[in-house]
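# Architecture and fold: a report
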Amino acid sequence: MSKKLLLEHVDKEGIQYIDTYIKFGGYASVTKALKSLSPDQVVEEVKTSGLRGRGGAGFPTGMKWSFLDKKSDKPKYLVCNADESEPGTFKDRYLMEKIPHLLIEGMIVSSFALNANTSYIYVRGEMMYVIKILERAIAEAYSKGYLGKNIMGSGYDLNLYVQPGGGAYICGEETALLESLEGKRGNPRNKPPFPAVWGLYGCPTVVNNVETIAAVPWIVNQGGAAYAAIGVGKSTGTKLISACGNINNPGVYEIELGLPVEEFIYSDNYCGGITNSRELKAVVPGGSSVPILPKDLILKTAAGDSRLMSYESLAEGGFVSGSMLGSGGFIVFDDQACIVRNLWNFTRFYHHESCGQCSPCREGTGWMEKVLHRIEYGHGKMTDIDLLVDVAKNIEGKTICPLGDAAAWPVASAIRHFRSEFEDHVRNPDSCLAKHLHGDFALAH
Amino acid sequence: MSELLKVTIDGRSIEVPPGTTILQAARQLGGKYPPAMCYYSSLENTGGKCRVCLVKVAQASEANPRPMPKLVASCITRVENGMVVENETNQEVINARNGVVEFLLINHPLDCPVCDQAGECDLQNLSFDHGKENTRYEEGRREFDKIDIGPYVQLHMTRCILCYRCVYAAEQLTNQRVHGVLNRGDVSEISTYIKNAIDNDFSGNIIDVCPVGALTDKTYRFKQRVWFSKPFDAHRECSHCCGKTVLWLKGDNIIRVTARKNEFGEVEEFICNSCRFEKRDISDWIVEGPRKVDQESVIASNKYELPVISPAVNVDAKFVSE
Ligand SMILES: Cc1cc2nc3c(=O)[nH]c(=O)nc-3n(C[C@H](O)[C@H](O)[C@H](O)COP(=O)(O)O)c2cc1C
Ligand code: SF4
Ligand code: SF4
Ligand code: FES
């Protein structure tokens, strides 16, 4: 049985209301931190917990917090990244919708730790229902004295705002998010300086994912060491995984890090196996931007060990035979899935969402999409396959922000692991699995 | 005075003050410095976008001798003491640069024969060094109509490489920026809001900072190929700007006025529209003399600066040899 730290009370009737939330122990971490801990002690607990950012990159949260420029006499900001735009990732909206006070509680304790008196939750603009839920919950928190001036008589003040975003994927990249929050075009900034030194309005800022911030109350209540005892190795605690694709039970699961991938896919507690009892073909384990792994490599590492749901295990083998935990968007393909078609679809997304500031991403994403479109629609050439590999290589690692990599990795990995499928599409376009499954109409464009 | 930092680029070292970027250090060092399409030294916050200036940092600093994992944009990366940089000497850098040029040329037609920027175009030079003779790109390209943005400037959006220089210039030189980037990704375009006009005292500078022929001078378009015109340094008393310019002459007529560019092709002192567009009489100016032009530049090709050795030609003696 896996431990639940975030979603323990998610099914309790009325948990989205503050009274019920408090009845189940909610806001205890605010009382504890503000009355008995110093901000630095909260940072220490988070460091001890080994919590890593849940937004995708997995950077240690305590360390990120300790980079905040404390010497600066400017205001400090905490910004919650609730943009949630990575295709395949839908865990943050679930958490905010079902148990909004957990995020607000986390925002208060985390803001206290960072000496921030103003904090923002930046929510993807399309998720208006989530924005309404959060705004109502924030109003409740103000009325109970958890937000505003002199919280719980501690002398600590905090104002918390929800900001709807522009609805562009790039606005989830932390510096583009800050630009957008400042009311500008959501273009990523050149780094350094990092937000810890030069963030919102040029002030020291921490940007954290929803799930990261939601883990902080538990860490403060139970202690960082207790959190570190859960999980495996440097992948401590639990992780929300949003699972989708050809599985029997799509949905959001809280797993203890270190769960075997095989168990996650086939156990009835989680994905419940492949739909229609078909064969597993491939998995994109961490949101559409991470490398795709074929069945053999997603269940076992190249060395033959069981692949685990953890940062290290999924990355084992590097880009040759590994992938990434990323944001935890777990996309499963059965043996009827057409890799070319799915890759085209992913690439179409990155092409559409590139901000267009830097040449390799602006021009390269479109090029890859067009070539993939041709291959999928029966107009490909053998040389196109190496062309794609080359274009991806010319994008990867050469851009301002990681969106370029996010567009390049799926292409590079899909061709590495499923090259023959691309060749089949060129040789015999009618062999396309998607075409057989959905008929010609699916190919009309 | 803080200590100088030693940086080695392609095996040659130079000491520079803290805050200097790799590109600035390389320019000071001379020789083959990285190209730059978006960075512009006299405009703040430019750089980092086009990615043609990527270099390899083989050693981050004396204190941290490890290489940087990725290529870095030399225009925005500051040097550290003991940094070792590879530019021309690293094949990975050259490959990346070739790749960027290939990307830039996807949506930039090589219409140099009919483009007013020919001979002064950074992308033309870059393609010469890093381009291929044929393209691997077979898909559709962007198409745009030309638009008049204001009385003096015409925008050829097909040629724009989205370096954002004109946006920074407008933001920093005028009190209200009225043009910018619309849309995202490869459908982004430079435009004014609802095809508005750009009309302010310093609008002409966006023409000078544009590295390609996307923003053209309506008073000059199709008047002359740049290498056939004669540039002279000149100045005048101006209450708006420095008044220091280059006059481009065809015969005795001023056909264009621009700001002066330094050896890196960048304007250091911007000029107002009055100097640029209204003073077209030679008597408006104090002419300092012929402008020094880099020997490698195509503009030098008319060689008017050389003493004119005109052998006496007897026009009647057509068939001397017979
Ligand atoms: C193109 C792009 C989109 C991103 N979108 C999101 C997002 O929607 N949500 C998120 O939390 N992080 C996103 N990130 C990662 C953020 O930049 C940042 O690393 C994260 O918010 C940091 O939070 P963490 O340390 O808690 O993980 C994105 C990154 C990139 C490059
Ligand atoms: S990599 Fe793409 S999204 Fe990121 S800054 Fe460059 S163009 Fe914009
Ligand atoms: S119009 Fe010229 S200066 Fe402006 S972004 Fe395009 S290429 Fe750069
Ligand atoms: S000149 Fe450095 S990125 Fe454009």
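Residues numbered from 1 in each chain as written. Chains lettered and ligands numbered in written order. Predicted model: local features only at pLDDT ≥ 70, side-chain atom pairs only at ≥ 80, totals over all residues. Heavy atoms only, no water.

### Concerning the overall build of chain A
Scanning chain A from N- to C-terminus turns up 19 helices and 13 strands. Its C-alpha atoms give chain A a radius of gyration of 22 Å, within 12% of the compact-globule value 22 Å for 445 residues. The burial tally for chain A puts 61% of its 445 residues in the buried class. Nonlocal contacts in chain A, meaning residues at least 24 apart in sequence, comprise 70% of its contacts between residues at least 6 apart. With the model as given, the accessible surface of chain A reaches about 16300 Å², and the carbon-plus-sulfur share is 53%. (Helix = DSSP H or I, 4+ residues; strand = E, 2+ residues; numbered from the N terminus. Rg over C-alpha atoms; globule rule 2.2 N^0.38 Å. Buried < 20%, exposed > 50% of the residue type's maximum accessible area, 1.4 Å probe, protein only. Contact = heavy atoms within 4.5 Å. Areas by Shrake-Rupley, 256 points an atom, 1.4 Å probe, with all protein chains shown as cover.)

### Some words on the environment of arginine 54 of chain A
All names here are of chain A. Tracing the backbone through its elements, the reader meets arginine 54 in the loop between helix H3 (39–49) and helix H4 (61–66). Relative accessible area serves as the criterion here: at 1%, arginine 54 is assigned to the buried category. Between the C-alpha atoms of arginine 54 and glutamate 211, which are 157 residues apart in sequence, the distance is 6.0 Å. Excluding anything up to four places from it in sequence, arginine 54 contacts Lys91, Asn209, Glu211, Thr212, Tyr227, Thr236, Gly237, Thr238, Lys239, Leu257, Tyr311 and Ser327.

### Describing the pattern of salt bridges
Under the criterion given, the structure shown has 51 salt bridges over all chains. Of the charged contacts, one joins lysine 70 of chain B and aspartate 405 of chain A as a salt bridge, the two residues approaching to 3.7 Å between their closest N and O atoms. One end of the pair, lysine 70 of chain B, is in the loop between strand S3 (54–59) and strand S4 (72–73); the other, aspartate 405 of chain A, is in helix H18 (residues 403–427), on a second chain. Residue class for lysine 70 of chain B comes out partly exposed when judged on its relative accessible area of 44%. Judged by its relative accessible area of 6%, aspartate 405 of chain A falls in the buried class. Note that arginine 177 of chain B and glutamate 171 of chain B form a salt bridge whose closest N and O atoms lie 2.8 Å from each other. (Salt bridge = Lys/Arg side-chain N within 4 Å of Asp/Glu carboxyl O.)

### A few points about the site of ligand 3
All names here are of chain B. In the neighbourhood of ligand 3, the contacting residues comprise Cys160, Ile161, Leu162, Cys163, Tyr164, Cys166, Ile190, Cys210, Pro211, Val212, Ala214 and Leu215. The site holding ligand 3 turns out to be the largest cavity. Looking at the shell around ligand 3, its residues break down into 12 nonpolar, no polar and no charged. (Near = heavy atom within 4 Å. 1 Å grid on protein atoms, 1.4 Å probe; cavity = no way out; pocket = protein on both sides within 12 Å on 5 of 7 lines; lining within 4 Å. Sits in = over half its atoms within 2 Å of the grid points. Nonpolar A, V, L, I, M, F, W, Y, C, P; charged D, E, K, R; others polar.)

### What about the sheet that holds strand S2 (residues 116–123) of chain A?
Residue and element names in this part refer to chain A. Strands sit in the order S3-S2-S1-S4 across an open sheet of 4 strands; the sheet is parallel. Pairing within the sheet leaves two strands with one partner each, and these edge strands are strand S3 (159–164) and strand S4 (205–209). Ignoring which end each strand starts from, the neighbouring axes of this sheet average 20° apart. Summarising the sheet, S2 and S3 pair through 6 bridges and their orientation is parallel. Bridge pairing in S3 links serine 119 to leucine 160. (Pairing = 2+ DSSP bridges. Axes fitted to C-alpha atoms, helices over the stretch in contact; angles between N-to-C directions.)

### Considering a nonpolar patch on the surface
Residues and elements named next belong to chain A. A cluster of nonpolar side chains, Phe59, Met63 and Phe67, forms an exposed patch at the surface whose accessible area comes to about 290 Å². With respect to the element layout, phenylalanine 67 can be found in the loop between H4 and strand S1 (76–82). With relative accessibility at 47%, the residue phenylalanine 67 sits in the partly exposed group. (Patch = residues over 30% accessible without salt bridge, like charges linked within 9 Å, V, L, I, M, F, W, Y side chains within 5 Å.)

### Observations concerning empty space enclosed by the protein
All names here are of chain B. Scanning the entire structure with this criterion turns up 6 cavities of 30 Å³ or more. Within this model, the largest cavity holds a volume of roughly 90 Å³. What lines the largest cavity is a set of 15 residues, among which Cys160, Cys163, Cys166, Ile190 and Cys210 lie closest to the centre. Here the residues of the lining of the largest cavity sort into 14 nonpolar, no polar and 1 charged. (Points joined across faces, edges and corners; volume = space filled by probe spheres on them.)

### Considerations on the sheet that holds strand S10 (residues 280–284) of chain A
Spatially, S8-S7-S13-S10-S11 (chain A) is the arrangement adopted by the 5 strands of the open sheet, whose pairing is mixed. One side of each edge strand has no neighbouring strand; the edge strands of this open sheet are strand S8 (251–256) and strand S11 (293–294) of chain A.

### A few points about helix H8 (residues 174–181) of chain A
All names here are of chain A. In terms of residue burial, H8 counts as a mostly covered element, since 8 of its 8 residues are buried. Where H8 is concerned, the buried positions are Glu174, Thr175, Ala176, Leu177, Leu178, Glu179, Ser180 and Leu181. Summarising the contacts, the buried residues of H8 are in contact with H4, S1, S2, S3 and S4. Positioned one or two residues after H8, glycine 183 has a phi angle of 90°, which is positive.

### Some remarks on the interface of chain B and chain A
Contact with chain B, which involves 33 residues of that partner, is made by 33 residues of chain A. Taken together, the two surfaces of chain B and chain A that pack against each other cover about 2700 Å², and 48% of this comes from carbon and sulfur. Considering only the surface of chain B that becomes buried against chain A, Phe103, Arg136 and Arg184 of chain B emerge as the three largest contributors, covering 27% of it. For the pair chain B and chain A, the interface holds 6 salt bridges. Among the ionic pairs, arginine 374 of chain A bridges to glutamate 138 of chain B, the shortest N-O distance being 3.9 Å. Connecting chain B to chain A are 20 residue pairs in polar contact (both at pLDDT 80 or more). Put simply, the parts of the chain that give the side of chain B that touches chain A at least two residues each are helix H2 (91–106) and strand S8 (179–182) of chain B. (Buried area = accessible area lost by both parts, 1.4 Å probe. Polar contact = N/O pair within 3.5 Å; in protein donor to acceptor, adjacent residues only side chain to side chain.)

### Quick look at the environment of serine 420 of chain A
Looking at the secondary structure, you find serine 420 of chain A in helix H18. Separated by 137 residues in sequence, serine 420 of chain A and valine 283 of chain A place their C-alpha atoms 18 Å apart.

### Digging into the environment of leucine 160 of chain A
Among the secondary structure elements, leucine 160 of chain A is positioned in strand S3. Distance in space between the C-alpha atoms of leucine 160 of chain A and tyrosine 142 of chain A is 9.3 Å, their sequence separation being 18 residues.

### A short note on the packing of helix H2 (residues 28–36) of chain A against helix H6 (residues 100–113) of chain A
Helix packing for two helices is described by the angle between their axes and how far apart those axes are. Residues and elements named next belong to chain A. Running from N to C, H2 and H6 point in directions that differ by 15°, and their axes come no closer than 9 Å. Judged by the inter-axis angle, H2 sits roughly parallel to H6. Our pair here, H2 against H6, has a crossing hand that is left-handed. When H2 is examined against H6, the residues Ala28, Ser29, Val30, Ala33 and Leu34 are found in contact with a partner set consisting of Glu105, Ile108, Val109 and Phe112. Here the contact of H2 with H6 is built from residues that sort into 7 nonpolar, 1 polar and 1 charged. (Parallel < 35°, antiparallel > 145°, perpendicular 65-115°, else oblique. Left-handed = near helix turned anticlockwise from the far one by under 90°.)

### Overview of the confidence of the model for chain A
The pLDDT averaged across chain A works out to 95; a share of 97% of its residues lies at or above 70. Contacts of residues 441–445 of chain A to residues separated by more than four positions or lying in other chains number 10 contacts, the stretch itself having pLDDT below 50. (pLDDT = per-residue confidence, 0-100.)

### Quick notes on the pairing of strand S1 (residues 5–9) of chain B
Residue and element names in this part refer to chain B. Burial runs high along S1: 4 of the 5 residues are buried. Linkage of S1 to strand S2 (residues 12–16), two consecutive antiparallel strands, is achieved through a turn of 2 residues, within which aspartate 10 is found at a positive phi near 50°. Here S1 runs beside strand S5 (residues 83–86); their pairing, made up of 3 bridges, is parallel. By the bridge assignment for S5, isoleucine 9 is matched with valine 85.

### Describing helix H16 (residues 359–376) of chain A
Residues and elements named next belong to chain A. Given a rise of 1.5 Å per residue, 18 residues ought to cover 26 Å, and the 26 Å separating the end C-alpha atoms of H16 matches this to within 8%. Buried residues dominate H16, accounting for 16 of its 18 residues. Immediately beyond the C-terminal end of H16, within one or two residues, lies glycine 378, with a positive phi of roughly 85°. (Expected span 1.5 Å × (residues − 1).)

### Observations concerning the site of ligand 2
Around ligand 2, the surrounding shell holds 13 residues, and the nearest of these are Cys355, Gln357, Cys358, Cys361 and Cys401 of chain A. In terms of residue class, the shell around ligand 2 is made up of 8 nonpolar, 5 polar and no charged.

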